Amino acid sequence: MYDALTSRYTFPCPGGGDSRVALSDFRELSRLPGAAHPAVYRVRFACRCGEEHLGLVSHDELDWAPLGLAAGSFLNLMTSRLEDVAGELTDLAARRIQGGDWPWSFFCYPEERPRPVFPSAFFLLTPGGGSLGLAVRCPACAKVSVNLVSEPHVDVPFHHDHEIGVVEHFFADEPERIVDEFAAELHSARFDARRLRLDA
Ligand SMILES: [Zn+2]
Ligand SMILES: [Zn+2]
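Being a predicted model, the structure only gives us computed values, none of them experimental.

A. How the structure looks around the nonpolar core. Core analysis: the largest hydrophobic core is formed by 39 residues, its most contacted members being Tyr9, Leu23, Phe26, Leu62, Phe122 and Val154. Of all elements in the fold, only β2 (8-12), β4 (26-36), β5 (39-46), β9 (105-108), β11 (122-128), β12 (131-137) and β14 (163-167) reach the threshold of two or more residues within this core. The biggest single contributor to this core is β5, with four residues. The residue makeup of this core includes at least three contributed by each of domain 1 (1-99) and domain 2 (105-195).

Shown next, in the form of structure tokens:
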């Protein structure tokens, strides 16, 4: 379902065939109630066919697969041998995280500071004007922040935009209101640039 070498998720397209999409093609994520081990997320994604469809992703596929933890095997062209890529990627990811380099980050507006995060904390994504509006529920303070980021900031683990846009708005806690406020704030363009340095 997730291919770590191409950073793409595969979902069936109701129009026929499979759709391979990036995390930045997700439009909405919501954790399904009930299924706790493993947690399952319902995803609305922008399909290559032009429509949006629903798909299901496990917590592991969201947060761990992009780091290579379910990558499987690949053919090493130098040695012509099938090798296990998962071990190497996992090692590298673990070392970087231990060194303070997080795979994903965002700027928490209520706390006025950058925070490390995992994709399961993203819940709304809207492209526009060359960037991506991203709503994140902060793992530390549980408040919602909206950042304007590049697609690689979301799709490529350990890639962080040097500067991101931060919507200067305290969002409601009710999920229904957040969706409306998110759209309204993105259009109002009331955002400010913040530096994303986690060690700052
Ligand atoms: Zn489709
Ligand atoms: Zn926070």
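B. Region of the structure containing the pairing of strand β6 (residues 52-58). As judged from the seven bridges shared by β5 and β6, these two strands associate in the antiparallel manner. Each residue of the ladder has a partner; that of Tyr41, found in β6, is Val57.

C. View of the packing of aromatic side chains. Applying the stated criterion across every chain yields a total of nine aromatic pairs. Note on Tyr9 and Phe11: the rings are 6.5 Å apart at their centroids and 15 degrees apart in plane angle, and the pair reads as stacked. The burial state of Tyr9 is the same as that of Phe11; both residues are buried.

Each value, and the rule that gives it
Residues numbered from 1 in each chain as written. Chains lettered and ligands numbered in written order. Predicted model: local features only at pLDDT ≥ 70, side-chain atom pairs only at ≥ 80, totals over all residues. Heavy atoms only, no water. Core = buried A, V, L, I, M, F, W, Y, C linked by side-chain atoms within 4.5 Å. Buried < 20%, exposed > 50% of the residue type's maximum accessible area, 1.4 Å probe, protein only. Helix = DSSP H or I, 4+ residues; strand = E, 2+ residues; numbered from the N terminus. Domains from an automatic or database assignment. Pairing = 2+ DSSP bridges. Phe/Tyr/Trp six-rings, centres within 6.5 Å; stacked < 30°, edge-to-face > 60°.

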